[in-house]
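What follows is each chain in one-letter form.
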Amino acid sequence: MKTETQLNAEILAATLKIKEFAPELEKFIGEMPVTIPDAESALVNHKILSDYLDSLNQILKKYEEEKLAQFKLSI
C-alpha cells in the first residue's frame with residue numbers, strides 16, 4: 001500500500017504531465033467526479049487520494065489512446 005506522501009507525489013506528477021503534454025485536459029480536472037476536498041475541516045484520507053490518482057491516470061490513458069487512434073487514422 002502506498003503512503004499518502006507517495007500518492008501526493010504521484011498526483012503531482014500526473015497533474016504536471018497533464019499541464020505539460022495535454023493542457024487541453026486541465027479544464028476537466030476541476031470537473032472530475034473524484035476530487036480532493038478543499039475545506040480545511042475535510043478529512044483527506046488514503047482512499048480519497050488513491051481514487052483521485054486513479055481518475056487522473058484514467059484521463060491520461062484515455063487521452064493517449066485517442067491521440068494514438070487519431071495518429072493511426074492519419075497514416
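Residues numbered from 1 in each chain as written. Predicted model: local features only at pLDDT ≥ 70, side-chain atom pairs only at ≥ 80, totals over all residues. Heavy atoms only, no water.

## Regarding the pattern of salt bridges
Turning to step 1, where the next piece is worked out: Following the criterion strictly, the structure yields 4 salt bridges and no others.
Turning to step 2, where the next piece is worked out: For E26, the salt bridge identified is with K19, shortest N-O distance 3.1 Å.
Turning to step 3, where the next piece is worked out: By relative accessible area, which is 42% here, K19 ends up partly exposed.
Turning to step 4, where the next piece is worked out: With its nearest N and O atoms 2.9 Å apart, the salt bridge here joins D51 to K47. Of the two residues, D51 and K47 both sit in helix α3 (residues 46–74), 4 residues apart, roughly one turn of that helix.
Turning to step 5, where the next piece is worked out: Using a relative accessible area of 28% as the deciding quantity, one classes D51 as partly exposed.
Turning to step 6, where the next piece is worked out: Among the residues examined, K47 registers a relative accessible area of 54% and is labelled exposed. (Salt bridge = Lys/Arg side-chain N within 4 Å of Asp/Glu carboxyl O. Buried < 20%, exposed > 50% of the residue type's maximum accessible area, 1.4 Å probe, protein only. Helix = DSSP H or I, 4+ residues; strand = E, 2+ residues; numbered from the N terminus.)

## Quick look at α3
Turning to step 1, where the next piece is worked out: The end-to-end C-alpha distance of α3 is 42 Å, a good match for the 42 Å that 29 residues give at a rise of 1.5 Å each.
Turning to step 2, where the next piece is worked out: What α3 keeps buried is the set L49, Y52, L53, S55, L56, L60 and Y63.
Turning to step 3, where the next piece is worked out: Buried positions along α3 lie against α1 (4–21) and α2 (26–29).
Turning to step 4, where the next piece is worked out: Two to three positions downstream of the cap, the backbone nitrogen of K47 sits 3.1 Å from a side-chain oxygen, assigning the N-cap of α3 to N45. (Expected span 1.5 Å × (residues − 1). Contact = heavy atoms within 4.5 Å. Polar contact = N/O pair within 3.5 Å; in protein donor to acceptor, adjacent residues only side chain to side chain.)

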